[in-house]
Structures are given as structure tokens and as C-alpha cells.
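Coordinate analysis (summary)
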Amino acid sequence: MKRLFLSYFFFAVSATVCAASVSELWCHNGEKRIYGKLYAPDTQGDKMPLVIISHGFGGNNTWGTPYAESLTREGYLVYCFDFCGGGNLSQSDGTTREMSILTERADLLAILHQLRQRPEVDAQRITLFGESQGGIVTALAAAQAEALVHDIILFYPAFSIPDDTRRRYPTRADIPDEGEIWDMHLGRCYAEDIYDLAPYDAVANFKKPVLIVHGDRDRIVPIAYGERTAQTYPNAQFFVLHGVDHGFYGLPQWLAIQLVIEFLEKQKS
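A brief report on the enclosed structure follows. (Residues numbered from 1 in each chain as written. Predicted model: local features only at pLDDT ≥ 70, side-chain atom pairs only at ≥ 80, totals over all residues. Heavy atoms only, no water.)

Description of the layout of surface pockets
Taking a probe equal in size to a water molecule and rolling it over the atoms shows the remaining empty space. Of the voids in this model, the largest pocket is the one considered here, and its volume is about 450 Å³. As for the largest pocket, its lining consists of 22 residues, of which Phe-57, Ser-132, Trp-182, Ile-220 and His-246 are closest to the centre. For the lining of the largest pocket, the leading source of residues is helix H4 (residues 161-168), giving four residues. Here the residues of the lining of the largest pocket sort into eleven nonpolar, eight polar and three charged. (1 Å grid on protein atoms, 1.4 Å probe; cavity = no way out; pocket = protein on both sides within 12 Å on 5 of 7 lines; lining within 4 Å. Points joined across faces, edges and corners; volume = space filled by probe spheres on them. Helix = DSSP H or I, 4+ residues; strand = E, 2+ residues; numbered from the N terminus. Nonpolar A, V, L, I, M, F, W, Y, C, P; charged D, E, K, R; others polar.)

Points about the side chain of Asn-61
With respect to the helices and strands, the residue Asn-61 is situated in the loop between strand E4 (48-54) and helix H1 (65-72). Once residues within four sequence positions are removed from consideration, Asn-61 is found in contact with Tyr-35, Lys-37, His-55, Cys-80, Phe-81, Asp-82 and Gln-91. (Contact = heavy atoms within 4.5 Å.)

Re the packing of helix H2 (residues 101-115) against helix H3 (residues 133-144)
The contact between H2 and H3 brings their axes to 9 Å, and the two run at 60°. On the basis of the axis angle, H2 is oblique to H3. Remark: the crossing between H2 and H3 carries right-handed chirality. Only Gln-133, Ile-136, Val-137, Thr-138, Leu-140, Ala-141 and Gln-144 of H3 make contact with H2, whose side of the interface consists of Ile-101, Glu-104, Arg-105, Leu-108 and Leu-109. Residue composition of the contact of H2 with H3, grouped by class: seven nonpolar, three polar and two charged. (Axes fitted to C-alpha atoms, helices over the stretch in contact; angles between N-to-C directions. Parallel < 35°, antiparallel > 145°, perpendicular 65-115°, else oblique. Left-handed = near helix turned anticlockwise from the far one by under 90°.)

A short note on the packing of aromatic side chains
On inspection of all chains with the given rule, the structure shows 16 aromatic pairs. Measuring from centroid to centroid gives 6.2 Å for Phe-155 and Tyr-156, while their planes differ by 40°, and the two rings are tilted. Residue class for Phe-155 comes out buried when judged on its relative accessible area of 0%. Positioned over the ring face of Trp-26 is Arg-33, at 4.2 Å from the centre of the ring. (Phe/Tyr/Trp six-rings, centres within 6.5 Å; stacked < 30°, edge-to-face > 60°. Buried < 20%, exposed > 50% of the residue type's maximum accessible area, 1.4 Å probe, protein only. Lys NZ or Arg CZ within 6 Å of the ring centre and 35° of its normal.)

Quick notes on the nonpolar core
Nonpolar side chains in soluble globular proteins tend to end up buried together. With 57 residues, the main nonpolar core has Leu-50, Ile-52, Tyr-79, Leu-128, Ile-152 and Tyr-233 as its most contacted residues. With residues up to four places along the chain from it excluded, the contact list for Tyr-233 reads Ala-139, Ile-152, Leu-154, Val-203, Phe-206, Val-210 and Ile-212. In this structure, Ile-53, Phe-129, Ile-153 and Ile-261 belong to the second largest nonpolar core, which totals 28 residues. (Core = buried A, V, L, I, M, F, W, Y, C linked by side-chain atoms within 4.5 Å.)

Focus on the pattern of salt bridges
Inspection of the entire model under this criterion finds twelve salt bridges. The residue Asp-164 makes a salt bridge to Arg-167 at a minimum N-O spacing of 2.4 Å. Placement of both Asp-164 and Arg-167 in helix H4 is noted, with a separation of three residues, approximately one turn of the helix. Of the residues examined, Arg-167 reaches a relative accessible area of 56% and is grouped as exposed. A salt bridge links Arg-172 to Glu-192, with the shortest nitrogen-to-oxygen separation between them at 3.8 Å. Placement of the pair is Arg-172 in the loop between H4 and strand E8 (178-181) and Glu-192 in helix H5 (residues 188-192), with a sequence separation of 20 residues. Judged by relative accessible area, which is 32%, Arg-172 ranks as partly exposed. Assessed through its relative accessible area of 31%, Glu-192 is described here as partly exposed. One network of salt bridges, with partners in common, ties together Arg-172, Arg-188, Glu-192 and Asp-196. (Salt bridge = Lys/Arg side-chain N within 4 Å of Asp/Glu carboxyl O.)

Description of empty space enclosed by the protein
Tallied over the full model, the rule gives two cavities of 30 Å³ or more. Of the volumes computed, that of the largest cavity is approximately 90 Å³. The wall of the largest cavity is formed by 13 residues, among which Tyr-169, Pro-176, Gly-179, Leu-186 and Gly-187 lie closest to the centre. Residue assignment for the lining of the largest cavity shows that the elements contributing at least two residues are E8, strand E9 (184-187) and H5.

Written as C-alpha cells, this is what we have:
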């Protein structure tokens, strides 16, 4: 594991214009439709690397927009999507009561299998990139389909969710049929599907490159979870953003984008 501590205070943001085309693109997980947007560079090659971006709990595809716009300028295709039932503003099929980490893993795997068949996609250069709950979903999906994934990027991955769930419901009998977290109405499956999940064991055999970025003041997913996640992988880079809470905005977001670009460019060699 490579661990670096970074401060963002000495970086300046330069305004850039997004040079990309954006089109709506639906995928499918069984009978459920998954809404997403495909960002493509204006100057396209025959085959381009693809980054699939997964939002966190309660989010939607717009979380990935700043990253998609930056990556297309570097020649990457980027797909940002809404998990089925993944948030109150999701445009994909399904309700929040039907959603769990495992249903989201199935959504992501379905997307991966479909997009790698597209003629403009370099199927040997597919990156999975997720934040928070989307981070643990990304890690679990990549572990299941390692042969189809070139590398992964995890922002403050929520490996804390199984522990949080067991603290909230000490026994399975305590899990209600419906509950609510942060204005999201959840079904029993949200807790039940991951109640016995040992996330570090589930991803430990993934040997391809991993980038993990975590703020040291994260109050939702404490940095200890990011540290343990990085220690679990045999080929991980771990970057700590000082003074940064859950979610990257402003200068921390800009720095995170630079880390992503640098990581992806290094994987080309």
C-alpha cells in the first residue's frame, strides 16, 4: 500500500471549458431500466478507455459530472448513472425500498457487461469509480468481475455500512420492514442483504491497481475505514486530504480530480 498525505491549500483552480458531448444512455438490469449519461470527448479515437462512475447513498448521476467533464478532456469516455432506487431523484426504475448494496452491485455489473460491448469502448481499459456507498458497491463489483476491470477508484468508500447496520439493529429480528435514513425510505432488504457481509474479506483478492482518497475529518465514514480498505488491497494507493469531511467540494474536489487523472495516466504505462 502506498500512503500519502496531501494538503490542498497551495493549489489554484483554473477555469476550463468542457470539450465533450453528453448523451442519455439507458442500460438494463433484468427488467429494470437504468438511466445514465455518456460523456464522450469531442476528439474520439477508435477505442477509448471508459470510466463508470457510481454515486453514493441517496445521490444520482449528477454527482459525477465534474469528474466526467474533466476526464473527457483527457480522452476518456465516462458513464454516470442512477442506481435503481438509489435516491429520491433517481430516474432509473425501482424504489428506494427495493434498494440495497447488493442490488446496486447487480446494477453496476449489468452496466459493465453492457458498456464493454460498445464499439467505441476499449474493453481492456475499463475503470470503476465510486464514492461512499457507491465506493463499497464498486469494490464488491470489481472483486466479482476482476477480469473485466482494469483498475478502480474509491472515494471515502463506505465499508462502515455493515458495522453501522449491526449497531443499529443488534439482531436480525430488530430489522424493521421499513425504515428511514436521511430522508430515504428503505425496505428490510437494505439491512438484511449486508447484515452478515464481511466487506474486507469480499474484496481482498482483487489484485489490480486501486486508488483510495479519504478526508481525515470524515464524520460519516471515519478515515479508519479507508485505511483498513487500503491495507486490504495488495496494490493500493491511499491519499489523505487534510481537513476534509465527507464529500469533496471546491479546492478538495479539484485536487481529487488531479489525483484521479494522474492515477489513470500512470496505468497506461
